[in-house]
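Take a look at the letters that make up each chain.
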Amino acid sequence: GQQVMQIPQYQHVQEGEDFTTYCNSSTTLSNIQWYKQRPGGHPVFLIQLVKSGEVKKQKRLTFQFGEAKKNSSLHITATQTTDVGTYFCGETSGSRLTFGEGTQLTVNP
Amino acid sequence: SAVISQKPSRDICQRGTSLTIQCQVDSQVTMMFWYRQQPGQSLTLIATANQGSEATYESGFVIDKFPISRPNLTFSTLTVSNMSPEDSSIYLCSVAVTGANGYTFGSGTRLTVV
């Protein structure tokens, strides 16, 4: 089964509101990767976090890796309709990438 | 990052038949990965395909049902055998070029079994 749990499963926001999705693990993660999958599309790599407490930003997206490396979050500031899609976290073990359940984001204009 | 060409993009198949999905990568990669994504769900890893050796299957997936070929470092096929409606899903291949750049996915094959 999935090692990484992701919440919430769904999130509906008004355009301009913020959005956050969380990934949690019962064990220490070697790294965490984040992907975005647009409706009808395939997952696209966003970022990888490796270090304890790491924070990375991409424009309106902020990614955090917990101090204990057991959780991570993706925060989107002031959502836009182009942010619609499903956001997945994933962990690599060896070379295998396994995914969390994903958070499906819808944005009302 | 790598570019993957996956085909077919979609197919409708009769139960009991088999479908072979192809993925071509524009660069040589050691490992290729095959995933299944059922409607509204996450991606589940089926197997890892290594060139020159048998594929490594995840729990719940077996070679007889999902045979994989990896004849060279740029190409792989996944066959869905003896299909049933429960096999209706999206199948995706993936490669990792370098860890920091994540994994690149093919555009997927949407399979419907009737």
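Being a predicted model, the structure only gives us computed values, none of them experimental.

Draft legend 1. Layout of unusual backbone geometry. In this chain, Ile7(A) is followed by Pro8(A) through a cis amide linkage whose omega measures -5°. Looking at the element boundaries, Pro8(A) is found in the loop between strand 1 (4-7) and strand 2 (10-14). Here the amide bond leading from Lys7(B) into Pro8(B) is cis, since omega sits at 0°, within 30 degrees of zero. Structurally, Pro8(B) can be placed in the loop between strand 1 (4-7) and strand 2 (10-13). Look at Lys59(A): it is not a glycine, yet its phi comes out positive at around 55°. Relative to the helices and strands, Lys59(A) is located in the loop between strand 6 (55-58) and strand 7 (61-65). Within the chain, Ala78(A) stands out as a residue other than glycine whose phi angle is a positive 50°. Position of Ala78(A) among the secondary structure elements: in the loop between strand 8 (71-76) and strand 9 (85-93).

Draft legend 2. Summary view of the sheet that holds strand 7 of chain A. Residue and element names in this part refer to chain A. Read across the open sheet, the 5 strands follow the order 1-3-8-7-6; overall the sheet is antiparallel. The open sheet is flanked by strand 1 and strand 6, the only strands paired with a single partner. For this sheet the average axis-to-axis angle between neighbouring strands, irrespective of direction, equals 15°. Relative to strand 8, strand 3 (residues 19-25) is paired through 6 bridges, and the arrangement is antiparallel. When the bridges of strand 8 are listed, Phe 19 appears paired with Ile 76.

Draft legend 3. Summary view of the layout of surface pockets. Of the voids in this model, the largest pocket is the one considered here, and its volume is about 670 Å³. Lining of the largest pocket is provided by 37 residues; of these, Gln37(A), Gln37(B), Gly40(B), Gln41(B) and Ile90(B) occupy positions nearest its centre. At the level of secondary structure, the elements contributing two or more residues to the lining of the largest pocket comprise strand 9 and strand 11 (103-108) of chain A together with strand 9 (89-96) and strand 11 (109-113) of chain B. Of the residues in the lining of the largest pocket, the class split is 9 nonpolar, 24 polar and 4 charged.

Draft legend 4. Expanded view of the pattern of salt bridges. Inspection of every chain in the model, using the stated rule, returns 4 salt bridges over all chains. The shortest N-O distance in the salt bridge between Glu54(A) and Lys56(A) comes to 3.6 Å. Judged by relative accessible area, which is 16%, Glu54(A) ranks as buried. The class for Lys56(A) is partly exposed, based on a relative accessible area of 30%. Arg96(A) serves as the salt-bridge partner of Glu58(B), at 2.6 Å between the closest nitrogen and oxygen. In this pair, Glu58(B) is assigned in the loop between strand 6 (56-57) and strand 7 (68-72) and Arg96(A) in strand 10 (residues 96-99), connecting two distinct chains. In this structure Glu58(B) comes out as buried when scored by relative accessible area, which is 17%.

Draft legend 5. Structural detail: the state of the cysteines. If you walk through the whole model with that rule in mind, you get 2 disulfides over all chains. Note on cysteine connectivity: Cys23(A) is disulfide-linked to Cys89(A), with sulfurs 1.8 Å apart. Here the disulfide of Cys23(A) and Cys89(A) is left-handed, its torsion about the S-S bond being about -95°. Taken together, the positions of Cys23(A) in strand 3 and Cys89(A) in strand 9 put the pair 66 residues apart, joining distant regions of the chain. What makes Cys23(A) buried here is its relative accessible area of 2%. Judged by its relative accessible area of 0%, Cys89(A) is buried. Each disulfide pairs two cysteine sulfurs, and for Cys23(B) the partner residue is Cys93(B), the sulfurs being separated by 1.8 Å. Disulfide Cys23(B)-Cys93(B): the torsion about the S-S bond is -85°, which places it as left-handed. Remark: Cys93(B) occurs in strand 9 and Cys23(B) occurs in strand 3 (residues 19-25); sequence separation between them is 70 residues. You'll find Cys23(B) and Cys93(B) in the same group, each marked buried.

What counts, and where the lines are drawn
- Residues numbered from 1 in each chain as written.
- Chains lettered and ligands numbered in written order.
- Predicted model: local features only at pLDDT ≥ 70, side-chain atom pairs only at ≥ 80, totals over all residues.
- Heavy atoms only, no water.
- Helix = DSSP H or I, 4+ residues; strand = E, 2+ residues; numbered from the N terminus.
- Pairing = 2+ DSSP bridges.
- Axes fitted to C-alpha atoms, helices over the stretch in contact; angles between N-to-C directions.
- 1 Å grid on protein atoms, 1.4 Å probe; cavity = no way out; pocket = protein on both sides within 12 Å on 5 of 7 lines; lining within 4 Å.
- Points joined across faces, edges and corners; volume = space filled by probe spheres on them.
- Nonpolar A, V, L, I, M, F, W, Y, C, P; charged D, E, K, R; others polar.
- Salt bridge = Lys/Arg side-chain N within 4 Å of Asp/Glu carboxyl O.
- Buried < 20%, exposed > 50% of the residue type's maximum accessible area, 1.4 Å probe, protein only.
- Disulfide = S-S within 2.5 Å.

Shape is all these values report; function is a separate question.
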